[in-house]
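# Summary of structural features
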Amino acid sequence: MFGFMETADLAVVGCYFVLVLCIGFFAMWKSNRSTVSGYFLAGRSMTWVAIGASLFVSNIGSEHFIGLAGSGAASGFAVGAWEFNAVLLLQLLGWVFIPVYIRSGVFTMPQYLYKRYGGSRLKMYFALLFLLLYVFTKLSVDLYAGALFIRASLGWDLYLSIIILIGLTAVLTVTGGLVAVIYTDVMQAILMIGGALTLMVVGMVKVGGFEELKRRYMLASPNVTAIISSFNLSSTNTCHIHPKEDSLKMLREPTDEDVPWPGFLFGQTPASGWYWCADQVIVQRVLAAKNIAHAKGATLMAGFLKLLPMFIIVIPGMISRILFTDEVVCINPEHCMQVCGSSAGCSNIAYPRLVLGILPAGLRGLMMAVMIAALMSDLDSIFNSASTIFTLDIYKHLRKAASSRELMVVGRLFVIFMVGISIAWVPIIVEMQGGQMYLYIQEVADYLTPPVAAVFLLGIFWKRCNEQGAFYGGLLGSMLGIIRLILAFVYQVPDCDQPDTRPSFIRNIHYMYVATILFWSTIITAVVVSLLTPALPKEYTRSTTFWALKDLDNIKSSQADESNKLENRTVSECNGSTTCTDKSDCNRKDTDGIELVLLMPGSDDSKSLCSPSNIEALTTNDGYLNGQTSVDQETKEEPQLERSKWWKFFDCICGLKNYDVTNTVAINTVEDERICREMLQESPRIKILLNIGLAVVLSSGISMFIYFSL
């Protein structure tokens, strides 16, 4: 569309592919991928640096480079509000949500809902909702944005390039699991930040600095007369060709069509809270941390990094409008179709146009590699997280007796299924108008996720909320959101030179205000229904709320007494020579009613505080049930089948191992609880250091909001 890459650029892209594959396969061979914890949570052995980098690149996908830069070109600083909001919400994840998730001993977010509220309908409903959101929003946006950049820079066939990128990403995800994903994310973070900073510096030099950028942006309007004559346009109508008067403000008037400040604070923030605090893609990375200190350090690092997109993505989009006004700012749908192939507008080409217009050979290849890195990082994150949810929340629910090996194979096969769905979605992406599609995807999240955020917040902070309240509140909010989403597709935004005949309640109510209504209606419904129905037994809130963290010291002292009684009692005593005539034989309660649970196979009991993170029981099941470690009830001799060389090759590639199941390891529940407490403990010096970092990150995010909103 704008020109093709030169040999030096292609060489840089080729080196990038080789480097990514080498790092991914190195991580694959060095890690333990044969267990549920090893494949889906990287064995809970990752450090704060690796997780922080992975959080950043998992969020900053190719749609950010296309969408954020495009919105910056079209409306100025406003879109940066999402990035600074994330700085604050990441700390809510690290200091509030992650300690509860660790204490609960869960792998997935639907598992948390199951342990907190009981019953399976909430878990299954939200598991299916998450998968639908991944397939039809995240994957589609990433593929569209990546295809747009590749087509603009390389001229490759659209379908072939997307299939190659998806295939390479799927290879790393299927074979390496979360370890390979995180290690490649670290390299991609370095490349992404370095390349984007280079483009920003070159662009700033071109426009003359930040103050000159603001002055020239407000003057960046296309030359209508020259465009009409050069493009032979039949229509001389123009629309949205001048920058808005408040383009240099972030939070704007309540009636603004981009970021109305009441809607952003009370509607968009809860919706974003779901993404940063309860979305599997984000939470799964933090759960892979060695302990709570590394988890908090990772959110602090990611918070600092989230200050960058405003400068390395949004501002370059504004620079692109200044330097290439007549292309980025098309004057009417006819002109837009000729420039970028979309009648909705051409602001989405701002970033690739800037890359191909001002960077020399070699650096263009570096930025191409950055875009590929962004696309692959988002795809591998989605593939791994989606396979985790499907395997542990849906497949495990349908096949409770599934072995660890079976779960590993199913998880990898589901990634392949996701690849097929992604490729099948490509023709739909191509047929949809690019500009409108990106805006619709933003609305999809705000129409569907506020009820989810409300259910999680109530579960974390309000012990009285029960399953009926959460289910009916979430159901009401979801139904209202789905109805509004359908209406948004039925009554589409007309072309900018056409009259808007949509109903007033659709035309005049911003989607952020809709998100506000959905969030608070869910909370009110859940509260009312919970108060009108019986409260949950205490066992459901003992380890699944924020307030349970305050009781950790009491539980610690009470278990010290109990550990003396159970010193020589292990799971094998209940599963081996001693027969349990009643389930209570395997459970012991202290005088305060705190129950120490020795989990039995096939039981849905999930009352223990957490599962061990660094102990892998070598059993037939490898035993994960709702995130908990379990041991088979009977030690069975599994016949050693003669396996073909192809099966052995498959096991080798996927990291699957055949254990001798007679070597079961009996795990003492008291020891499990000790490990859990250790994961949640921080030394006084580290705690002070982390709290200082928290204060710095929060003040930085708030300061950026104030600076760009005045």
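Here, the structure is the one placed above.
Note that this is a predicted model, so its numbers are computed, not measured. (Residues numbered from 1 in each chain as written. Predicted model: local features only at pLDDT ≥ 70, side-chain atom pairs only at ≥ 80, totals over all residues. Heavy atoms only, no water.)

## Brief notes about the environment of Pro 537
Along the polypeptide, Pro 537 turns up in the loop between α24 (511-532) and α25 (552-565). Of the residues examined, Pro 537 reaches a relative accessible area of 40% and is grouped as partly exposed. Considered as a pair, Pro 537 and Gly 118 are 419 residues apart in the sequence and their alpha carbons are 9.9 Å apart. (Helix = DSSP H or I, 4+ residues; strand = E, 2+ residues; numbered from the N terminus. Buried < 20%, exposed > 50% of the residue type's maximum accessible area, 1.4 Å probe, protein only.)

## Here's the deal with unusual backbone geometry
It is generally the case that most residues other than glycine have a negative phi and that most peptide bonds are trans. The phi dihedral of Asn 232 falls on the positive side, at around 55°, and the residue is not glycine. Examined against the element boundaries, Asn 232 turns out to sit in the loop between α10 (224-231) and α11 (261-278). Residue Asn 232 is classed as exposed on the basis of its relative accessible area of 65%.

## Here's the deal with the environment of Leu 323
Mapped onto the secondary structure, Leu 323 falls in helix α14 (residues 309-323). Separated by 27 residues in sequence, Leu 323 and Ala 350 place their C-alpha atoms 9.9 Å apart. Discounting residues that sit within four places of it in the chain, Leu 323 has contacts with Lys 206, Val 207, Arg 216, Leu 354 and Ile 358. (Contact = heavy atoms within 4.5 Å.)

## Examining the packing of helix α3 (residues 48-59) against helix α18 (residues 363-398)
Axis separation between α3 and α18 bottoms out at 7 Å; the angle between their running directions is 100°. Regarding the angle of α3 to α18, the classification is roughly perpendicular. Along the contact surface, α3 presents Val 57, Ser 58 and Asn 59, while α18 presents Ser 377, Asp 378 and Ser 381. Residues that form the contact of α3 with α18 fall into these classes: 1 nonpolar, 4 polar and 1 charged. (Axes fitted to C-alpha atoms, helices over the stretch in contact; angles between N-to-C directions. Parallel < 35°, antiparallel > 145°, perpendicular 65-115°, else oblique. Nonpolar A, V, L, I, M, F, W, Y, C, P; charged D, E, K, R; others polar.)

## With respect to the pattern of salt bridges
Pairs can form between side chains of opposite charge whenever their charged atoms are close. Applying the stated rule across the entire model yields 14 salt bridges. Residue Glu 467 pairs with Arg 121 through a salt bridge whose shortest N-O separation is 2.5 Å. Note that Glu 467 is positioned in helix α22 (residues 467-490) and Arg 121 in helix α7 (residues 121-153), a separation of 346 residues in sequence. Looking at Arg 121, the relative accessible area reads 35%, which means it is partly exposed. (Salt bridge = Lys/Arg side-chain N within 4 Å of Asp/Glu carboxyl O.)

## Side note on the nonpolar core
Ranked by size, the top nonpolar core spans 174 residues in total, and within it Tyr 16, Phe 65, Ile 98 and Tyr 101 carry the most contacts. If you tally residues by element for this core, the top one is α7, at 19 residues. With residues near it in sequence (within four places) discarded, Tyr 101 still touches Val 106, Met 109, Tyr 112, Cys 277, Ala 278, Val 283, Leu 287 and Phe 456. Residues Phe 107, Leu 392, Tyr 395 and Met 408 belong to the second largest nonpolar core, which totals 7 residues. (Core = buried A, V, L, I, M, F, W, Y, C linked by side-chain atoms within 4.5 Å.)

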